[in-house]
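These are the residues of each chain, in order.
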Amino acid sequence: MPSSYTSGEFLGHPKGLFVLFFTEMWERFSYYGMRSLLVYYMMKHLSFNQEQASHVYGLYTGFVYFTPLFGGALADRILGQYRTVLVGAVLMSAGHFMMAWESLFFPALFTLILGNGAFKPNISTQVGNLYAPGDHRRDSAFSIFYVGINLGAFFSPLVCGALGELYGWHYGFSAAGVGMLVGLLIYYCGRGLLPRDSFNPKGAAAHHITDEERASERKSILTLAAVGLITVAFWAVYEQQGNTLALWVDAYTDRRILGWVFPASWFQSLNPALIFILTPLLTRFWRSEAEQAKEPASVTKMAIGCLLLGAGFLIMVFPAAFIIPTGDRAGISWLIAFTTIITLGELYLSPVGLSFVTKTAPPRLVSMMMGMWLSAAFFGNYLAGYLGSFWEKIPKDVFFLTMVGIAFIASACLFLIGKILKAKGSTFGEH
């Protein structure tokens with residue numbers, strides 16, 4: 001664990017938040033830079049067919065979100081959050097550089113999966129650990145942290161994508177590795193500003209848990225599990241961005257700007273760019289709702305997120321049904337409208353979900369519960385790969401309508417859970 005903890009503040013938040021912000025920014029630079037090239041690399045360089053590439057993409061992005069369950073347990077019981085994050089960062093750096101060799105393709109993916117499992121749940125847990133229980137700044141802290149995630153996600157396709165597509169795949173993957181090393185350096189140098197680990201070493205004297213505490217823990221775990229299970233559907237639809245939507249951009253979108261055709265991988269910078277624009281507007285809107293005692297509970301916000309995701313895919317039905325069959329390419333405006341709406345949906349679900357976990361999970365199990373929450377994205381990403389395998393088997397408008405239906409059903413389920421929690425007077429659904 002860090003040798004000391006400094007409680008100084010910057011811009012109204014602990015300075016440690018900004019160490020975690022920049023660490024996560026560079027980690028996401030590496031992850032999204034590699035992801036922006038993955039499907040193209042498999043199909044254009046390794047000669048995978050579309051169905052194979054979609055399945056590998058789904059398995060990789062899925063296991064990235066499954067291993068955090070074990071990374072969280074490792075931190076809670078053996079290493080603590082700080083050292084587990086360090087291990088994860090080192091593994092991911094190695095994995096990105098391994099991608100430079102075709103023969104190490106699958107070992108590289110495996111190394112990246114292990115590294116992400118150690119890194120991801122524990123850095124998010126550290127954000128929550130910066131704040132005392134009941135601190136009203138916690139939700140806004142996760143929104144700031146989420147901007148860091150998307151700052152890295154914005155620049156990575158521009159840098160890694162351009163290097164990979166224009167100069168060689170291995171340059172793009174190596175750039176991702178350099179980004180991860182920068183994040184590791186920032187994290188290590190800022191260790192004195194980080195929170196102390198919430199750490200229960202194996203073999204330490206156990207805190208006696210009363211029956212009432214145990215019952216409360218059981219309720220919180222069941223609540224997280226139920227909500228997490230439904231968010232599987234959100235991620236299955238949302239993660240088509242890096243899979244089938246990447247193929248749509250490459251094959252069916254007019255990418256000309258003043259006669260110049262921009263790289264298809266650059267499309268994946270649009271979502272994080274919109275997050276920069278929309279996050280302050282949305283947090284201001286939520287603040288206004290809170291002042292009027294109208295701010296939705298966390299689960300209701302996530303239900304709205306699924307609804308917006310479905311609405312975004314509904315937009316894509318129109319060019320798929322009426323433009324592509326004529327032999328023309330769809331204009332970029334369709335993608336801009338689509339991405340704007342699903343980005344709003346993401347902001348209503350993803351950072352809110354992270355904050356929800358830190359408020360709901362039993363304190364002694366918070367890293368493991370964060371891992372459980374992220375494991376929902378494992379099943380979602382795996383399902384995204386499975387759904388993507390139908391891209392070339394069914395009409396594109398039918399494919400997009402299927403995504404709409406899945407997102408709307410998930411939204412209805414979350415609205416129902418929110419009403420049940422409210423009817424029972426549970427605080428788990430509070431914002």
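Draft legend 1. Spatial organisation of the overall build of the protein chain. Each helix and strand in the protein chain was counted, giving 14 helices and four strands. Seen through its C-alpha atoms, the protein chain measures out along the principal axes to roughly 65 × 50 × 35 Å. Counting across all 431 residues of the protein chain, residues that qualify as buried make up 56%. Considering only intrachain contacts with a sequence separation of at least 6, the fraction spanning at least 24 residues in the protein chain is 84%. Roughly 17,700 Å² of accessible area belongs to the protein chain as shown, and the carbon and sulfur atoms make up 67% of that amount. Between the centroid of the 29 positive side chains of the protein chain and the centroid of its 25 negative side chains there is a distance of 4 Å.

Draft legend 2. A look at empty space enclosed by the protein. All chains considered together, the criterion is met by three cavities of 30 Å³ or more. Here the largest cavity is characterised by a volume of approximately 270 Å³. Taken together, 22 residues line the largest cavity, and the ones lying closest to its centre are Tyr-65, Lys-120, Tyr-146, Trp-235 and Ser-350. Taken together, the elements giving at least two residues each to the lining of the largest cavity come down to α1 (15-44), α5 (105-129), α6 (138-167), α8 (211-238), α12 (332-360) and α13 (366-388). Considered class by class, the residues forming the lining of the largest cavity number 12 nonpolar, five polar and five charged. Approximately 100 Å³ is the volume attributed to the second largest cavity. In this structure, the second largest cavity is lined by Tyr-32, Arg-35, Asn-150, Ala-153, Pro-157, Tyr-238, Gln-241, Gln-268, Asn-271, Pro-272 and Glu-346. Mapped by element, the contributors of at least two residues to the lining of the second largest cavity are α1, α6 and α10 (270-291). The biggest single contributor to the lining of the second largest cavity is α6, with three residues. Split by residue class, the lining of the second largest cavity holds five nonpolar, four polar and two charged.

Draft legend 3. Up close: the pattern of salt bridges. Evaluation of the coordinates by the stated rule reveals eight salt bridges. A salt bridge links Arg-28 to Glu-27; the nearest nitrogen and oxygen atoms lie 2.6 Å apart. What makes Arg-28 buried here is its relative accessible area of 1%. Taking the relative accessible area as the measure of exposure, Glu-27 reaches 1% and is therefore buried. Lys-44 is the partner of Asp-250 in a salt bridge, and the nearest nitrogen-oxygen pair spans 3.7 Å. Remark: Lys-44 occurs in helix α1 and Asp-250 occurs in helix α9 (residues 244-252); sequence separation between them is 206 residues. Its relative accessible area of 23% is what places Asp-250 among the partly exposed residues. On the accessibility criterion, Lys-44 (48% relative accessible area) is partly exposed. A single network of salt bridges, built from pairs that share partners, joins Glu-24, Glu-27 and Arg-28.

Draft legend 4. Geometry of the nonpolar core. Trp-248, Phe-313 and Phe-400 are the most contacted members of the largest nonpolar core, which totals 110 residues. Among the elements that take part in this core, α1 stands out by supplying 13 residues, more than any other. If near-sequence neighbours (up to four positions away) are discounted, Trp-248 is found in contact with Thr-253, Met-316, Pro-319, Ala-320, Ile-324, Ala-330, Leu-335, Trp-391, Lys-396 and Phe-400.

Draft legend 5. Region of the structure containing the packing of α5 against α6. At a minimum axis distance of 9 Å, the contact between α5 and α6 shows a crossing angle of 140 degrees. Looking at the two axes, α5 sits oblique to α6. Here α5 and α6 pass one another in a crossing that is right-handed. Residue-level contacts link Ile-123, Ser-124, Val-127 and Gly-128 of α5 to Arg-138, Ala-141, Phe-142 and Phe-145 of α6. A class-by-class count of the residues in the contact of α5 with α6 yields five nonpolar, two polar and one charged.

Draft legend 6. Main features of the packing of α6 against α12. Packing of α6 against α12 brings their axes to within 9 Å, and their N-to-C directions diverge by 125 degrees. In terms of their interaxial angle, α6 and α12 are classed as oblique. The two elements α6 and α12 cross, and the hand of that crossing is right-handed. On α12, the residues that touch Arg-138, Asp-139, Phe-142, Tyr-146 and Asn-150 of α6 are Glu-346, Leu-347, Ser-350, Pro-351, Leu-354, Ser-355, Thr-358 and Lys-359. For the contact of α6 with α12, the residue count by class is five nonpolar, four polar and four charged.

Draft legend 7. Main features of unusual backbone geometry. One non-glycine residue, Ser-47, lies in positive phi territory at about 65 degrees. For Ser-47, the location among the structural elements is in the loop between α1 and α2 (50-64). We classify Ser-47 as exposed; its relative accessible area is 61%. Located in the positive-phi region is Ala-293, a residue other than glycine, with phi close to 55 degrees. For Ala-293, the position within the fold is in the loop between α10 and α11 (298-322).

Draft legend 8. Highlighting a nonpolar patch on the surface. Together, Leu-314, Phe-318, Phe-322 and Leu-401 make up a nonpolar patch on the protein surface, roughly 410 Å² of accessible area in all. The element best represented in the nonpolar patch is α11, accounting for three residues. Examined against the element boundaries, Phe-322 turns out to sit in helix α11.

Rules behind the numbers
Residues numbered from 1 in each chain as written. Predicted model: local features only at pLDDT ≥ 70, side-chain atom pairs only at ≥ 80, totals over all residues. Heavy atoms only, no water. Helix = DSSP H or I, 4+ residues; strand = E, 2+ residues; numbered from the N terminus. Buried < 20%, exposed > 50% of the residue type's maximum accessible area, 1.4 Å probe, protein only. Contact = heavy atoms within 4.5 Å. Areas by Shrake-Rupley, 256 points an atom, 1.4 Å probe, with all protein chains shown as cover. Lys, Arg positive; Asp, Glu negative; His and termini not counted. Charge placed at Lys NZ, Arg CZ, Asp CG, Glu CD. 1 Å grid on protein atoms, 1.4 Å probe; cavity = no way out; pocket = protein on both sides within 12 Å on 5 of 7 lines; lining within 4 Å. Points joined across faces, edges and corners; volume = space filled by probe spheres on them. Nonpolar A, V, L, I, M, F, W, Y, C, P; charged D, E, K, R; others polar. Salt bridge = Lys/Arg side-chain N within 4 Å of Asp/Glu carboxyl O. Core = buried A, V, L, I, M, F, W, Y, C linked by side-chain atoms within 4.5 Å. Axes fitted to C-alpha atoms, helices over the stretch in contact; angles between N-to-C directions. Parallel < 35°, antiparallel > 145°, perpendicular 65-115°, else oblique. Left-handed = near helix turned anticlockwise from the far one by under 90°. Patch = residues over 30% accessible without salt bridge, like charges linked within 9 Å, V, L, I, M, F, W, Y side chains within 5 Å.

Geometric descriptors of this kind do not, in isolation, establish any biological role.
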